[in-house]
Amino acid sequence: MQLLLSPTSPYARAVRIALILKGLDDECTVGWVDPASDTPELVQANPMSRVPTLLLDDGTALTETSLILQYLDRRVPHPPLIPSANANSELALAGRALAMMDAALWIMNNRKYLGATANENALGERRMGTLKRTLESFQETPPRAVGQVVGMGQLLLQVAIEYLEFRLPELEATKTSGLGDWGKPLRKLEAFQLTEPH
């Protein structure tokens, strides 16, 4: 397998973490690409030029983080990313975490391509507002505690929180969400430490 990724993509980081947790990191090489520059290797595998893209040994190119995570869970069922006892809550949490990443990436791309004031409009304020509201909602309804098995939703939420801290520090994502203590067991895992964005 080969994982095509970019250095700061939270989506790609989530897949890298899952590969390590599943013990598949030795079976998967990485190819660093730049989606914004339409790296030929990435465009050939994924015409949408999105990361992560996981190239399987049979030539199949899997795209979209949640689908890749489901593939990895099917390939190596234990430990499960979607534990059967918590499947519904893990999928719900994964959806919220991915939506947070989507909103953050939208804001960052606006700033990158349109300038620092690009989000000073109704849509930009709405995106920032939804991020704040979602972060605050975790204080009222925190996710289940992290145990021996890391669920897909837990993995994605911690990656989303760290991405927000990295790219949108003004949100104070850890403080606003109240998830500092909740995320400690995840931050201690080698899979998280090896994949920290720089």
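Structure: above.
Only a predicted model underlies this, so the values are computations on that prediction, with no experimental measurement involved. (Residues numbered from 1 in each chain as written. Predicted model: local features only at pLDDT ≥ 70, side-chain atom pairs only at ≥ 80, totals over all residues. Heavy atoms only, no water.)

Within the element layout of this structure, threonine 53 appears in strand 3 (residues 53-55). On the basis of relative accessibility, which here comes to 0%, the residue threonine 53 falls in the buried class. One polar contact links threonine 53 to asparagine 46, side chain to side chain, over a distance of 3.1 Å. Side-chain polar atoms of threonine 53 contact the backbone oxygen of arginine 50, separated by 2.9 Å. Dropping the residues within four chain positions of it, threonine 53 is found in contact with Gln2, Leu3, Leu4, Leu42, Ala45, Asn46, Ala61, Leu62, Thr63 and Ile68. (Helix = DSSP H or I, 4+ residues; strand = E, 2+ residues; numbered from the N terminus. Buried < 20%, exposed > 50% of the residue type's maximum accessible area, 1.4 Å probe, protein only. Polar contact = N/O pair within 3.5 Å; in protein donor to acceptor, adjacent residues only side chain to side chain. Contact = heavy atoms within 4.5 Å.)

Quick look at helix 4 (residues 87-114) now. For an α-helix, 3.6 residues make a turn, and residues three or four places apart therefore share a direction. With 28 residues, helix 4 should reach 40 Å at 1.5 Å per residue; the first-to-last C-alpha distance of 40 Å fits that figure. Buried residues of helix 4: Glu90, Leu93, Ala94, Ala97, Leu98, Met100, Met101, Ala103, Ala104, Ile107, Met108 and Asn110, and no others. Each element contacted by the buried residues of helix 4 is listed here: helix 1 (10-21), helix 3 (65-75), helix 5 (122-140) and helix 6 (152-167). (Expected span 1.5 Å × (residues − 1).)

Attention now goes to the pairing of strand 1 (residues 2-5). Every other side chain in a regular strand lies on the same face of the sheet, so the side chains alternate between the two faces. Of the two faces of strand 1, both are covered, the one formed by Gln2 and Leu4 as well as the one formed by Leu3 and Leu5. Across 4 bridges, the pairing between strand 1 and strand 2 (residues 29-32) is parallel. Its bridge partner being in strand 2, glutamine 2 is matched across the sheet by threonine 29. The parallel pair strand 1 and strand 2, bridged by helix 1, forms a crossover whose chirality is right-handed. Sheet topology places strand 1 next to strand 3; 3 bridges connect them, and they run antiparallel. Residue leucine 4 lies in a different strand from strand 3, and its bridge partner there is threonine 53. (Pairing = 2+ DSSP bridges. Right-handed = clockwise from strand over helix to strand, strands pointing away.)

This part takes up unusual backbone geometry. For the peptide bond that leads from valine 51 to proline 52, omega is 0°, which places it in the cis range. Looking at the element boundaries, proline 52 is found in the loop between helix 2 (40-45) and strand 3. Positive phi, normally seen in glycine, also occurs at aspartate 38, with a value near 50°. Assignment of secondary structure puts aspartate 38 in the loop between strand 2 and helix 2. For serine 49, which is not a glycine, the phi torsion comes out positive at approximately 55°. Following the sequence through the fold, serine 49 ends up in the loop between helix 2 and strand 3.

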